[in-house]
Amino acid sequence: MNQDAYGSYHSTNLESQTARATPVELVLVLTDGLLEELARARGHIVGKRYEQKALSLDKCTQIINGLASSLDYDQGGEVVANLGRLYDYCAARLYRAGVEMDPAVIDEVVGLLTTIRAGWQGVQEKHG
């Protein structure tokens, strides 16, 4: 499948998923997309593709900022505050990964976000 066809399919599939998604499902879709983009960013770092690395890390940071900005600090208490700090930490680490060209930093962020995703998955399963 060529890149244009894949991009078109992926965009249509994403629109379909988000149109009918609950807030938790939206977080899961965004997190899945973030994890996919982090894998690409890691590949760009390893392949020394500097421009693509920068674009990819910028996209990752935008997704993280979007996730952080959607948190309800008024209703979420300490859990939400901690999650916000964790998102900020991940964004800062991605900046460091880009500067140092270190795929291990990407791996660290992937580990953290995978754990966060599992927590959101648990919320979805509990509340359907």
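Residues numbered from 1 in each chain as written. Predicted model: local features only at pLDDT ≥ 70, side-chain atom pairs only at ≥ 80, totals over all residues. Heavy atoms only, no water.

As recorded in an unreviewed UniProt entry, the chain goes by Flagellar secretion chaperone FliS and comes from Pseudoduganella guangdongensis. Looking at the chain in UniProt, the text filed under Sequence similarities (unreviewed entry) is "Belongs to the FliS family." (UniProt positions renumbered as here; feature names shortened; annotations may be inferred.)

1. Structural notes on unusual backbone geometry
Located in the positive-phi region is K48, a residue other than glycine, with phi close to 55°. For K48, the location among the structural elements is in the loop between α2 (23-46) and α3 (50-69). By relative accessible area, K48 is classed as exposed at 57%. A positive phi angle, close to 55°, is found at M101, a residue other than glycine. Here M101 lies in the loop between α4 (73-100) and α5 (103-127). (Helix = DSSP H or I, 4+ residues; strand = E, 2+ residues; numbered from the N terminus. Buried < 20%, exposed > 50% of the residue type's maximum accessible area, 1.4 Å probe, protein only.)

2. Examining α4
Here α4 contains 28 residues, and its C-alpha end-to-end distance of 33 Å is more than 12% below the 40 Å for a straight helix at 1.5 Å per residue. V79 marks the point of greatest bend in α4, at about 80°. The set of residues buried in α4 consists of V80, L83, G84, Y87, C90, A91, L94, A97 and G98. Buried residues belonging to α4 abut α2, α3 and α5. Remark: M101 follows α4 within two positions and exhibits a positive phi of approximately 55°. (Expected span 1.5 Å × (residues − 1). Bend = angle between axes of the 7 residues up to and from the residue. Contact = heavy atoms within 4.5 Å.)

3. Considerations on the packing of α3 against α4
Relative orientation of the contacting elements α3 and α4 amounts to 170°, with a least axis distance of 9 Å. As summarised for this structure, α3 and α4 are arranged roughly antiparallel, according to the angle between their axes. Across the interface between the two elements, K53, L57, C60, T61, I64, L67 and A68 from α3 touch Y73, Y87, C90, A91, L94 and G98 from α4. (Axes fitted to C-alpha atoms, helices over the stretch in contact; angles between N-to-C directions. Parallel < 35°, antiparallel > 145°, perpendicular 65-115°, else oblique.)

4. Focus on the pattern of salt bridges
Following the criterion strictly, the structure yields 6 salt bridges and no others. Between E108 and R93 there is a salt bridge, and its shortest N-O distance comes to 2.9 Å. Of this pair, E108 sits in helix α5 while R93 sits in helix α4, and the two are 15 residues apart along the sequence. The partly exposed category is assigned to E108, whose relative accessible area is 28%. With a closest N to O distance of 3.5 Å, E100 and R96 form a salt bridge. Taken together, the residues E100 and R96, both in helix α4 and 4 residues apart, mark about one turn of the helix. Judged by relative accessible area, which is 43%, E100 ranks as partly exposed. (Salt bridge = Lys/Arg side-chain N within 4 Å of Asp/Glu carboxyl O.)

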